[in-house]
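# Chain and residue survey
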Amino acid sequence: MVVLCTALSLCYMLLTGIEGAAILPPVHRSFAFVPYGQSADTCSAAISCDGKVACPSASPLLELSHWTDNTTPDDLYADTSTECALRLADARQRGLFTAFDNALVLNNHYDTDGVLSVWTCLDPERARTHAGLLAEAAAAGDFGEWSSEQGIKLDAAIESIADAYPEDADAYAAALDALPAMLDDFAATGGDGSEALWRDAWARACEDWDDLSHGRSKLTVDGAVAVLHEPADRRITAPALQRKLAETEGGAQCTRVLRVSVAGEGSEGLARYELEKPGHGWVQRLVTRMPIPGASGSALAADLSDALGCEWQKGGKGGLVAVCYTKQLVGVGVDEVVRALRECDPGAR
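First, a word on what this report is: a plain description of the structure on this page. Every value quoted in this text rests on a predicted model; they were computed, and no experiment measured them. (Residues numbered from 1 in each chain as written. Predicted model: local features only at pLDDT ≥ 70, side-chain atom pairs only at ≥ 80, totals over all residues. Heavy atoms only, no water.)

## Comments concerning the side chain of His-66
Within the secondary structure, His-66 sits in the loop between strand E3 (61-64) and helix H2 (81-93). You can call His-66 buried: its relative accessible area is 1%. A polar contact is formed between the side chain of His-66 and the backbone oxygen of Asp-79, at a distance of 2.5 Å. Here Asp-113 takes part through its side chain, which lies 3.3 Å from a polar atom of the side chain of His-66. Look past the residues within four positions of His-66 in its chain and what remains in contact with it is Asp-50, Tyr-77, Ala-78, Asp-79, Thr-80, Ser-81, Asp-113, Asp-142, Phe-143, Trp-282 and Val-283. (Helix = DSSP H or I, 4+ residues; strand = E, 2+ residues; numbered from the N terminus. Buried < 20%, exposed > 50% of the residue type's maximum accessible area, 1.4 Å probe, protein only. Polar contact = N/O pair within 3.5 Å; in protein donor to acceptor, adjacent residues only side chain to side chain. Contact = heavy atoms within 4.5 Å.)

Written as structure tokens, this is what we have:
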């Protein structure tokens with residue numbers, strides 16, 4: 001009887017693992033790139049990673065996205081899509097979401113968070129061993145955060161891969177093929193093996209941080225508005241800006257960033273302005289980061305134009321966090337712009 005019980009106990013341990021978690025067979029997922037705006041045609045289970053890919057015939061469909069109007073389940077949701085995919089990998093260890101073990105993984109654009117969320121779905125067990133670095137690289141890519149030195153470097157390396165491929169589908173194939181060895185190298189050497197891919201971007205981020213640290217560029221916090229004075233011929237990179245915000249008193253609570261580029265010699269008293277949200281400000285559904293009030297770039301540009309007597313336009317160089325900017329040099333002081341901004345934009349108060 002004792003022998004029988006011991007044998008049964010050993011079988012249970014082999015089936016469930018020493019700690020009682022189910023030992024599941026490996027996933028067998030594949031990836032398909034679907035150009036933005038197009039739908040995927042599959043009747044099998046599908047996982048839409050990062051970009052929201054319409055897949056009307058999929059059964060079932062799981063979203064792992066932080067894009068606006070996503071339907072990612074609450075127990076999987078996180079601030080980046082890569083972290084959503086990592087939560088799926090953890091949940092599967094508890095025997096959850098196994099209906100997606102053979103799912104078709106989909107995305108519609110190439111960027112670091114997209115690549116890493118896709119790869120995490122394709123190789124969840126390996127991804128779990130690199131979870132911290134994957135999350136840091138995703139935050140560096142999608143939010144411009146100085147998440148960590150290695151996070152910035154991995155983001156830069158992934159973005160650099162795309163430079164060699166005119167089509168996103170080809171860039172995905174190259175990145176997904178390179179990632180396993182690249183991640184092992186980051187774990188062993190800090191990324192020395194891929195230095196050629198990240199060297200320039202890392203050097204630029206460090207140079208910008210040095211400028212901010214030594215006052216050649218200057219960031220001040222005025223309530224909810226952070227004012228960044230930068231050289232006329234140089235735009236401070238997002239990681240350096242976000243790091244300075246995080247390390248400046250009150251910076252983490254800012255909801256608007258006003259970039260000020262002062263004109264060179266012969267144009268004294270003139271400046272160019274650009275308004276944007278902090279790096280994560282484009283995401284509406286957040287878990288660990290502070291929500292940022294939305295802003296209508298076109299409406300705010302019109303209001304600032306009227307209030308300041310100079311032309312503002314919707315957009316800017318900030319990508320998803322851009323709000324509005326002055327296309328031309330204007331003779332309006334920073335304090336006056338900040339006052340008008342508070343009057344016109346509830347999110348800046």
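Back to the write-up after that little detour.
## With respect to the nonpolar core
In terms of nonpolar packing, the biggest core is built from 65 residues, with Ile-47, Leu-64, Tyr-110, Val-115, Cys-121 and Leu-154 touching the most fellow members. The element contributing the most residues to this core is helix H7 (residues 168-189), with nine residues. In this view, Cys-121 contacts Val-27, Arg-29, Ile-47, Cys-49, Leu-64, Ala-85, Leu-88 and Val-105; residues no more than four positions away in its chain are not counted. Counting residues in hydrophobic clusters, the runner-up holds 23 residues, among them Leu-300, Leu-308, Val-323 and Leu-341. (Core = buried A, V, L, I, M, F, W, Y, C linked by side-chain atoms within 4.5 Å.)

## Points about the sheet that holds strand E10 (residues 322-325)
Strand order in this open sheet of six strands is E5-E6-E7-E8-E10-E9, and the pairing throughout is mixed. What marks the edges here is a single partner per strand, and that holds for strand E5 (218-222) and strand E9 (313-314). Bridge analysis of strand E7 (residues 256-262) against strand E8 (residues 271-276) gives six bridges, and the strand direction is antiparallel. Following the sheet pairing, Val-260 is matched in E8 by Tyr-273. Each of E8, E9 and E10 touches helix H10 (residues 297-308); the most contacted strand, E10, lies at about 25° to it. (Pairing = 2+ DSSP bridges. Axes fitted to C-alpha atoms, helices over the stretch in contact; angles between N-to-C directions.)

## Describing the environment of Tyr-77
Mapped onto the elements, Tyr-77 comes out in the loop between E3 and H2. The exposure class assigned to Tyr-77 is buried, which follows from its relative accessible area of 3%. Put simply, Tyr-77 and Leu-64 are 13 residues apart on the chain and 7.4 Å apart in space, counted from C-alpha to C-alpha. If near-sequence neighbours (up to four positions away) are discounted, Tyr-77 is found in contact with Ser-65, His-66, Asn-70, Thr-72, Cys-84, Arg-87, Val-283, Arg-285, Leu-286 and Val-287. Among the polar contacts made by the side chain of Tyr-77, one reaches the main-chain carbonyl oxygen of Arg-285 at a distance of 2.5 Å.

## With respect to H10
Its twelve residues give H10 an end-to-end C-alpha distance of 16 Å, which sits within 8% of 16 Å, the value for a rise of 1.5 Å per residue. When we look at burial in H10, the residues that qualify are Gly-297, Leu-300, Ala-301, Leu-304, Ser-305 and Leu-308. Buried residues in H10, looked at end-on, bunch into an arc of 140°, giving them a common side. (Expected span 1.5 Å × (residues − 1). Arc of directions from axis to C-beta.)

## Notes on the state of the cysteines
Under the definition given, this model contains zero disulfides. The thiol of Cys-49 is not disulfide-bonded; the next cysteine sulfur, from Cys-121, is found 3.5 Å away. Residue classification places Cys-49 among the buried residues on the basis of a relative accessible area of 0%. The cysteine Cys-55 is free of any disulfide, with Cys-43 supplying the nearest cysteine sulfur at 8.6 Å. By relative accessible area, Cys-55 is classed as buried at 6%. (Disulfide = S-S within 2.5 Å.)

## Some points on the sheet that holds E3
Reading across from one edge, E1-E4-E2-E3 is the order of the four strands in this open sheet, with parallel pairing throughout. Either end of the sheet is taken by a strand with one partner, and the two such strands are strand E1 (30-33) and E3. Pairwise comparison of adjacent strand axes, ignoring direction, gives a mean angle of 25° for this sheet. With three bridges connecting them, strand E2 (residues 46-49) and strand E4 (residues 104-107) associate as parallel partners. Within the sheet, the bridge partner assigned to Ser-48 lies in E4 and is Leu-106. The strands that H2 touches are E2 and E3; relative to E3, the one it contacts most, it runs at about 130°. Across the sheet, helix H3 (residues 112-122) is in contact with E1, E2, E3 and E4; its angle to E4 comes to roughly 180°.

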